[in-house]
Amino acid sequence: MDFSRPRCSPWRELVLVASLLACGIFQTSGQLSIIPFIGLEGYRSFLELENIPEDAQEYSWHRGVSDSEGNMIVSYRPPSNSWQSGPMFSGRENVTKEGRLNIKNSMLNDTGNYTVRVDVSSGTHRATSWLEIREEESNPRISTNTTSVIEYMDSVAVFCHTNATTIRWYVTGVQVSSNDLMTISPDGKTLIIHKVNRYDTILQCALENVLGYLQKSKQIFLTVSYGPNNVWLRTDPSNFNGILSAELGSKVEMKCTSTAFPEPKHRWIHNGSLLSVSEANITFPSLTWEQMGRYRCIVENPVAQLTMYGDIQIQRKPGYIPVGDRDFYISGSLVVFLIVMTVLGGVYLCGILVYLMISHFSRRTNRAI
């Protein structure tokens, strides 16, 4: 695989400087030098030059600490834009126009010293550095103490099995660090989530290899039991503040909804009596007087050990007047009209009675005179 150059982490820079000092080839400022490199088997490696002299006529790369012809790998001549391979050429090496040595599909036996000779019109410059090729570490393994938890009640410990020292943790695809909700051990190999919530469902760890690339473990999926946190009673026709007004003989539907996992159990209570209904919905095709009253939907999650309920009151719609075994409906405006006519009729009758009484007493008074 061919990757662009990764960023260097601080520890890697320290390793490279230590390698230079160990080889006794640390270059002074301004001199031609080679940046040492630590690569992985099977990936591309490269040795890059610093302080390249101007007017370079030839870049010649050699295996070892000498620039003898017998050690030459490959050379490049900028003036003629031509390359020439040497005895140590394996077919995987190439020199760029900037003088950098590229090695494709690096092998463990590519580890060693490399020397570059840069010919300029005024003389020759040489530099030597170290290339180290390592075996790629296997992807980390991951395990956990449990995969079934209850939200906000249980904690979970996750373990990353690897020899790497740089480990990253991911919860539902997001990289995490120690905080009030979770703790990562000092060696980075253990993650403890103190109070698991419903969104902490996917756990994964990863290591960062010497090239700066991430190697991730397989994912662990948690089963988190939660809820119900709320219960909503949706009705048709709609209710207002828990009051459902409906016509007798009309269709009424009540739906009890909640957010919970696993699927919760439902119970219904009507006017204090437990019904035999175990579904979340109740439908009355033709509402009767006996079906009026208060209903309570109880939602229970036996795994999470949580129970919530919601109430609804079904009452007859204003304007119903029962007559024997038959029912009929009088609109609100008609009710108002009948009341007004009744009041006016009563006033009229009272007026007639008063008039008759006054007339009667007047006749008696005239006869006495």
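Procedures and definitions
- Residues numbered from 1 in each chain as written.
- Predicted model: local features only at pLDDT ≥ 70, side-chain atom pairs only at ≥ 80, totals over all residues.
- Heavy atoms only, no water.
- Pairing = 2+ DSSP bridges.
- Helix = DSSP H or I, 4+ residues; strand = E, 2+ residues; numbered from the N terminus.
- Core = buried A, V, L, I, M, F, W, Y, C linked by side-chain atoms within 4.5 Å.
- Buried < 20%, exposed > 50% of the residue type's maximum accessible area, 1.4 Å probe, protein only.
- Disulfide = S-S within 2.5 Å.
- Patch = residues over 30% accessible without salt bridge, like charges linked within 9 Å, V, L, I, M, F, W, Y side chains within 5 Å.
- Areas by Shrake-Rupley, 256 points an atom, 1.4 Å probe, with all protein chains shown as cover.
- Salt bridge = Lys/Arg side-chain N within 4 Å of Asp/Glu carboxyl O.
- Lys, Arg positive; Asp, Glu negative; His and termini not counted.
- Charge placed at Lys NZ, Arg CZ, Asp CG, Glu CD.
- Axes fitted to C-alpha atoms, helices over the stretch in contact; angles between N-to-C directions.
- Polar contact = N/O pair within 3.5 Å; in protein donor to acceptor, adjacent residues only side chain to side chain.
- Phe/Tyr/Trp six-rings, centres within 6.5 Å; stacked < 30°, edge-to-face > 60°.
- Lys NZ or Arg CZ within 6 Å of the ring centre and 35° of its normal.

*Asks:* Just to check I follow, could you spell out the sheet that holds strand 29 (residues 306-316) for this structure?
*Replies:* Each strand in a sheet pairs with another by means of backbone hydrogen bonds, the pair being arranged parallel or else antiparallel. Here we have five strands laid out as an open sheet, ordered 23-29-28-25-26, and mixed in their pairing. The open sheet is flanked by strand 23 (243-246) and strand 26 (273-274), the only strands paired with a single partner.

*Asks:* Looking at this structure, I do not really get the nonpolar core. What am I missing?
*Replies:* Soluble globular proteins tend to bury their nonpolar side chains together. In terms of nonpolar packing, the biggest core is built from 27 residues, with Leu-47, Leu-49, Trp-61, Leu-101, Tyr-114, Val-116 and Val-118 touching the most fellow members. Top element by residues in this core is strand 9 (residues 112-120). It accounts for four residues. Of all hydrophobic cores here, the second largest spans 19 residues; its members include Val-158, Val-176, Ile-193 and Val-196.

*Asks:* Sorry if this is basic, but what is going on with the state of the cysteines here?
*Replies:* Put plainly, two cysteines are in a disulfide when a covalent bond ties their sulfur atoms together. As enumerated under the stated definition, the model contains two disulfides in all. The disulfide partner of Cys-160 is Cys-205, and the gap between their sulfur atoms is 2.1 Å. In this structure, the disulfide formed by Cys-160 and Cys-205 twists by about 75° around the S-S bond and is classed as right-handed. Taken as a pair, Cys-160 in strand 13 (residues 156-161) and Cys-205 in strand 18 (residues 202-208) lie far apart in primary sequence, 45 residues in all. As far as the burial class goes, Cys-160 and Cys-205 line up, both buried. The side chain of Cys-256 participates in a disulfide bridge whose partner is Cys-297; the two sulfur atoms lie 2.1 Å from each other. Given an S-S torsion of about -100°, the disulfide between Cys-256 and Cys-297 has left-handed geometry. Of this pair, Cys-256 sits in strand 24 (residues 252-258) while Cys-297 sits in strand 28 (residues 293-301); the two residues are 41 residues apart in sequence, bridging distant segments of the chain. Here Cys-256 matches Cys-297 in class, with each residue buried. What connects to what in the protein chain, once the bonded cysteines are numbered by sequence position, is 1-2, 3-4.

*Asks:* Any chance you could explain a negative patch on the surface here in plain terms?
*Replies:* Negative charge collects at one region of the surface, where Glu-41, Glu-135, Glu-136 and Glu-137 lie side by side. Counting through the fold element by element, Glu-135 comes out in the loop between strand 10 (123-134) and strand 11 (141-144).

*Asks:* Please clarify how the sheet that holds strand 3 (residues 45-50) should be interpreted in this entry.
*Replies:* Reading across from one edge, 1-3-8-7 is the order of the four strands in this open sheet, with antiparallel pairing throughout. Strand pairing shows two members of the sheet lacking a second neighbour, strand 1 (33-35) and strand 7 (93-95), which therefore form its edges. Adjacent strand axes in the sheet meet at a mean angle of 20°, parallel and antiparallel pairs treated alike. Sheet topology note: the strand 3/strand 8 (residues 101-103) ladder contains three bridges and is antiparallel. By the bridge assignment for strand 8, Leu-47 is matched with Leu-101.

*Asks:* Whenever I open this one, the environment of Trp-169 confuses me. Can you help?
*Replies:* Structurally, Trp-169 is set in strand 14 (residues 167-171). Within polar-contact distance, the side chain of Trp-169 engages the backbone oxygen of Gly-188 at 2.8 Å.

*Asks:* I would appreciate a short explanation of the packing of aromatic side chains in the present structure.
*Replies:* Any two aromatic rings considered together are summarised by their centre-to-centre distance and by the angle between their planes. Going through the model one piece at a time under the given rule, you end up with five aromatic pairs. Residues Tyr-76 and Trp-83 carry aromatic rings whose centres are separated by 4.6 Å and whose planes lie at 35° to one another, so their mutual orientation is tilted. The buried category is assigned to Tyr-76, whose relative accessible area is 3%. Note on Trp-83: relative accessible area 42%, which makes it partly exposed. A cation over an aromatic ring shows up here: Arg-100 above the ring of Phe-46, its NZ or CZ 5.0 Å from the ring centre.

*Asks:* Would you mind going over the pairing of strand 3 with me for this structure?
*Replies:* Along any regular strand, the residues point their side chains to alternate faces of the sheet. The pairing of strand 1 with strand 3 spans three bridges and is classified as antiparallel. Across the sheet, residue Ser-33 finds its bridge partner in strand 3, namely Glu-50.

*Asks:* Teacher, can you tell me more about a nonpolar patch on the surface here?
*Replies:* A grouping of Leu-334, Val-336, Phe-337, Leu-338, Val-340, Met-341 and Leu-344 is seen on the molecular surface, where their side chains present a nonpolar patch of about 630 Å² in accessible area. A relative accessible area of 47% places Phe-337 in the partly exposed class.

*Asks:* Got a minute to help me understand the pattern of salt bridges in this structure?
*Replies:* Pairs can form between side chains of opposite charge once their charged atoms are near each other. Tallied over the full model, the rule gives eleven salt bridges. The partner of Asp-110 in a salt bridge is Arg-92, and the shortest N-O contact between them spans 3.0 Å. Here Asp-110, found in the loop between strand 8 and strand 9, pairs with Arg-92, found in the loop between strand 6 (82-85) and strand 7; they are 18 residues apart in sequence, far enough to count as distant. On the basis of relative accessible area, Asp-110 is assigned to the buried category, the value being 4%. The network of salt bridges with shared partners includes Asp-67, Arg-117, Asp-119 and Arg-126.

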